[in-house]
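For reference, the chains in residue letters:
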Amino acid sequence: MFKLAIVVPCYNEEEVLGETSARLKNVIDNMVGKDKISSSSYVLFVNDGSRDLTWSIITDLHENNKVFKGLNLARNVGHQNALVSGLEFVVNKCDIAVSIDADLQDDVDVIEQMVDQYSLGNDIVYGVRSSRDKDTFFKKNSALFFYKVMRFLGVDTVYNHADYRLMSSRALKQLSLFQEKNLFLRGIVPLIGYKTEKVYYKRENRFAGTSKYPLKKMLNFALEGITSFSVKPLRIISIIGLISLFVSCVSFIYIIVTYFRGYNIQGWTSLMSSLWFIGSLTLISLGIIGEYIGKIYTEVKGRPRYNVESVLFED
Ligand code: UDP
Ligand code: MG
C-alpha cells in the first residue's frame, strides 16, 4: 500500500489550522478505510517562520495524534522554499506526496482522485481549478495575464494550477536535483517529465485569515517566474538594437537626401545620423553582453539535463 504524505506550508495560519488538520485527517482516515493508502500516511505541516501561534498549534496536534507531523523552519523563507523544504524532507519517507495550501481554498476531497490517478501510473497529478469565481476580478485577470506572458516567453506551465499537486517519490527525487536558488515550482515540475494527469476542482474562498500573498509578493513571484525561466528579455534587447540599426540606415538615406536638396539646417545631418547610429550600436552591444549573461545564467543554475525514467539493461 502507498504511504501518503500531505505537505502543508503554513505562514501565520493559526486561524485555519484546526479546521485544516481535521479535514486532512478525515481524508486520510477515509482512504485508509478504503485500503487505498497505508495507515502510516501522515500530514506534514511546515511552519514557515510564523509570528503567531502556528507552531505551538502544530506541536499540540502532533502530541494528540501522530498522524500530524511538523517541520519548523528557522525563519520565513516564502511559500515556494517552505514547500520545497517539506517535499525534500519527505522524499525518502513516503511513496507519494501531495502539497496543498493551509487555507482550504483547494478542495481536499480531490486528494483521493489524485491518489487514484497515481495508481493508474501517473507520477505527477496536477490539481487544476475549474472555476475562479471566488477570486477577485483583479486576481483572476492578473493570473490569466501572467500565464499568457509565461507562455509567450516559452515557459511551460499548467494553466490554473497552483501548487496543489501529487508527486511520486521518484518525481520528488528528481525535483531535488534542481538546485537553483530562485524557485518557481510551477515551471520546474513540468521539466521533470513522466506521465502526468490533471484533476479538476472548484476553488473556494480562504477559510479564515487573510492572503499571505499581497500585491508586492505577487509581483515578485511573477518576476521570479519570468527571470528564472526565460532569457528572452535579454534577447529582446538585441532585437531592439537590430531594429534601431535598420531605422538608422533608413533615416541616414532620408537625411542625405534632404541634405542634397538643401532643405535642412546646418549640423542637423551629422547630428541626426550619428544619434541613431550610436544608439543602435549601444543597444546591440548590450544585447551581446546580455546573450553571454544569459549563457552564464543557464549554466550557473546547474539544472539536471535529463531524467532517465527506466532502463532495459541486463549483463
Ligand atoms: N505561505 C508560506 N510562506 C509565506 C507565504 C505563504 O508558507 O511566506 C503559505 C500560506 O500559509 C498558505 C500558502 O503558502 O498555506 C498560500 O498562501 P496564501 O493562501 O496566502 O496565498 P493565496 O492563496 O492568496 O495566493
Ligand atoms: Mg490561499
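As a convention, each chain's residues are numbered from 1 in the sequence order in which they are written. Each chain is given a letter, starting from A, and each ligand a number, starting from 1, according to the order in which they appear as written. Reporting of local features is limited, given that this is a predicted model, to residues whose pLDDT is at least 70; pairs of side-chain atoms are given and counted only at 80 or more, and all residues count toward the totals for whole chains, interfaces and linings. To get the side-chain values, all heavy atoms of the structure are used, and hydrogens and water are removed first.

The secondary structure content of the protein chain amounts to ten helices and seven strands. As a reference, a globule follows 2.2 Å times the number of residues to the power 0.38, and the radius of gyration itself is taken over C-alpha atoms. Its C-alpha radius of gyration of 26 Å places the protein chain more than 25% over the 20 Å reference for a compact globule of 315 residues. Expressed along its principal axes, the backbone C-alpha trace of the protein chain runs to roughly 90 × 60 × 35 Å. The proportion of buried residues among the 315 residues of the protein chain is 43%. For the protein chain, the proportion of contacts with a sequence separation of at least 24, taken over those separated by at least 6, is 82%. Per-residue and other accessible areas were derived by the Shrake-Rupley procedure at a 1.4 Å probe size, with only the shown protein chains allowed to occlude residues. Put simply, the protein chain shows about 17400 Å² of open surface, and 61% of that area lies on carbon and sulfur atoms. Counting rule applied: Lys, Arg positive; Asp, Glu negative; His and chain ends not counted. Throughout, a charge is located at the NZ atom of Lys, the CZ atom of Arg, the CG atom of Asp or the CD atom of Glu. Averaging the coordinates of the 37 positive side-chain charges in the protein chain and doing the same for the 33 negative ones gives two points 7 Å apart. Strands are runs of DSSP state E lasting at least 2 residues, helices are runs of H or I lasting at least 4, and numbering of each runs from the N terminus. The rule is simple: take the accessible area with a 1.4 Å probe, protein chains only, and divide by the maximum for that residue type; under 20% is buried, over 50% is exposed, in between is partly exposed. In what follows, a contact means two residues having at least one pair of non-hydrogen atoms within 4.5 Å.

With that settled, consider the sheet that holds strand 2 (residues 42-47). With mixed pairing, seven strands are arranged side by side in an open sheet as 3-2-1-4-6-5-7. Single-partner strands in this sheet number two, and they are strand 3 (68-72) and strand 7 (196-202). Going from strand to strand, the sheet's axes swing by 25 degrees on average, the running direction of each strand aside. We call two strands paired when DSSP finds no fewer than two bridges between them. Between N-to-C directions, angles cover 0 to 180 degrees, with each direction set by a line fitted to C-alpha atoms, over the stretch in contact for helices.

A separate point is the pattern of salt bridges. In the sections that follow, a salt bridge refers to a side-chain nitrogen of Lys or Arg positioned within 4 Å of a carboxyl oxygen of Asp or Glu. A full pass over the atoms with the stated rule returns eleven salt bridges. With a shortest N-O distance of 2.7 Å, Lys36 and Glu112 are connected by a salt bridge. Separated by 76 residues along the polypeptide, Lys36 in the loop between helix 1 (14-33) and strand 2 and Glu112 in helix 4 (residues 110-119) bring together distant segments of the chain. With relative accessibility at 15%, the residue Glu112 sits in the buried group.

In summary, the pairing rule links any two rings of Phe, Tyr or Trp, Trp by its six-membered ring, whose centres are within 6.5 Å, and it sorts them by plane angle into stacked for under 30 degrees, edge-to-face for over 60 and tilted for everything else. Scanning all chains against the criterion turns up seven aromatic pairs. Residues Phe2 and Tyr118 carry aromatic rings whose centres are separated by 4.9 Å and whose planes lie at 85 degrees to one another, so their mutual orientation is edge-to-face. Separated by 116 residues along the polypeptide, Phe2 in the segment before strand 1 (4-10) and Tyr118 in helix 4 bring together distant segments of the chain. A residue is classified by how much of its surface remains accessible, and Tyr118, at 18% relative accessible area, is buried. Clustering of aromatic rings is evident, with ring pairs tying together Phe146, Phe184 and Phe221. Whether a charge sits over a ring depends on NZ of Lys or CZ of Arg being within 6 Å of the ring centre and within 35 degrees of the ring normal. Taking NZ or CZ as reference, Lys93 lies 4.4 Å from the ring centre of Phe89, over its face. Sitting above the plane of the Phe152 ring, Lys232 keeps its charged end 5.1 Å from the centroid.

On to the coordination of the magnesium ion (ligand 2). Donor selection uses N, O and S atoms within 2.8 Å of the metal (3.2 Å for Na, K and Ca). Since no water is included, sites may look incomplete. Protein-derived ligands of the magnesium ion (ligand 2) are Asp103 (OD) and Gln105 (OE1), with the metal-ligand distances lying across 1.9 Å. This pair shows no difference in class: Asp103 is buried, exactly as Gln105 is.

This part takes up the confidence of the model for the protein chain. Confidence of the predictor at the level of single residues is captured by pLDDT, which takes values from 0 to 100. In the predicted model, the protein chain carries a mean pLDDT of 87, and 96% of its residues have values of at least 70. Mean pLDDT per element in the protein chain: helix 8 (residues 215-227) is the minimum at 81, and strand 4 (residues 96-99) is the maximum at 96.

Moving on, we come to the layout of surface pockets. Cavities and pockets were defined on a 1 Å grid built over protein atoms only: a cavity is a set of grid points that admits a 1.4 Å probe from which the probe cannot escape, a pocket is an open set flanked by protein on both sides within 12 Å along at least five of seven lines, and lining residues are those with an atom within 4 Å of any such point. Grid points are joined across faces, edges and corners, and a volume is the space filled by probe spheres set on the points. Quantified by volume, the second largest pocket comes out at close to 170 Å³. The wall of the second largest pocket is formed by Asn81, Val84, Glu88, Leu175, Ser176, Phe178, Gln179, Glu180, Lys181 and Leu183. Examining the composition of the lining of the second largest pocket, we find that three residues originate from one element, helix 3 (residues 79-90), more than from any other. Class assignment of the residues belonging to the lining of the second largest pocket gives a composition of four nonpolar, three polar and three charged. Any residue outside Ala, Val, Leu, Ile, Met, Phe, Trp, Tyr, Cys, Pro, Asp, Glu, Lys and Arg is labelled polar, Gly included; the first ten of those are nonpolar and the last four are charged.

Moving on: a nonpolar patch on the surface. The residues that make up patches have over 30% relative accessible area and no salt bridge, and they are joined within 9 Å when like-charged or within 5 Å when they are Val, Leu, Ile, Met, Phe, Trp or Tyr. Judged by side-chain polarity, Phe138, Leu215 and Leu219 come together as a nonpolar surface patch covering roughly 320 Å² of accessible area. Inspection of the secondary structure assignment puts Leu219 in helix 8. Among the residues examined, Leu219 registers a relative accessible area of 53% and is labelled exposed.

Our next topic: the packing of helix 9 (residues 232-261) against helix 10 (residues 268-300). Packing of helix 9 against helix 10 brings their axes to within 8 Å, and their N-to-C directions diverge by 165 degrees. Relative to helix 10, helix 9 is oriented roughly antiparallel. Crossing geometry of helix 9 relative to helix 10 is assigned as left-handed. Here the contact of helix 9 with helix 10 is composed, by residue class, of 18 nonpolar, 13 polar and two charged. Orientation is classified from the angle alone, with under 35 degrees giving roughly parallel, over 145 giving roughly antiparallel, 65 to 115 giving roughly perpendicular, and any other angle giving oblique. Crossings are assigned a handedness: left-handed for a near helix turned anticlockwise from the far helix by less than a right angle, right-handed for a clockwise turn.

So, on to the site of ligand 1. Taken together, 19 residues surround ligand 1, and among them Glu13, Asp48, Asp103, Ser211 and Lys212 come closest. Polar contact criterion, stated in full: a pair of N or O atoms within 3.5 Å, where within protein one must be able to donate a hydrogen and the other to accept it, and residues adjacent in sequence count only if both atoms are side-chain atoms. Here Glu13 contributes a side-chain N or O atom positioned 2.6 Å from an oxygen atom of ligand 1. Contact between ligand 1 and Ala102: an oxygen atom at 2.9 Å from a main-chain N or O atom of the residue. For the shell around ligand 1, a count of residues per class yields five nonpolar, five polar and nine charged. Proximity is defined per residue: any heavy atom of the residue falling within 4 Å of a molecule or strand makes that residue near it.

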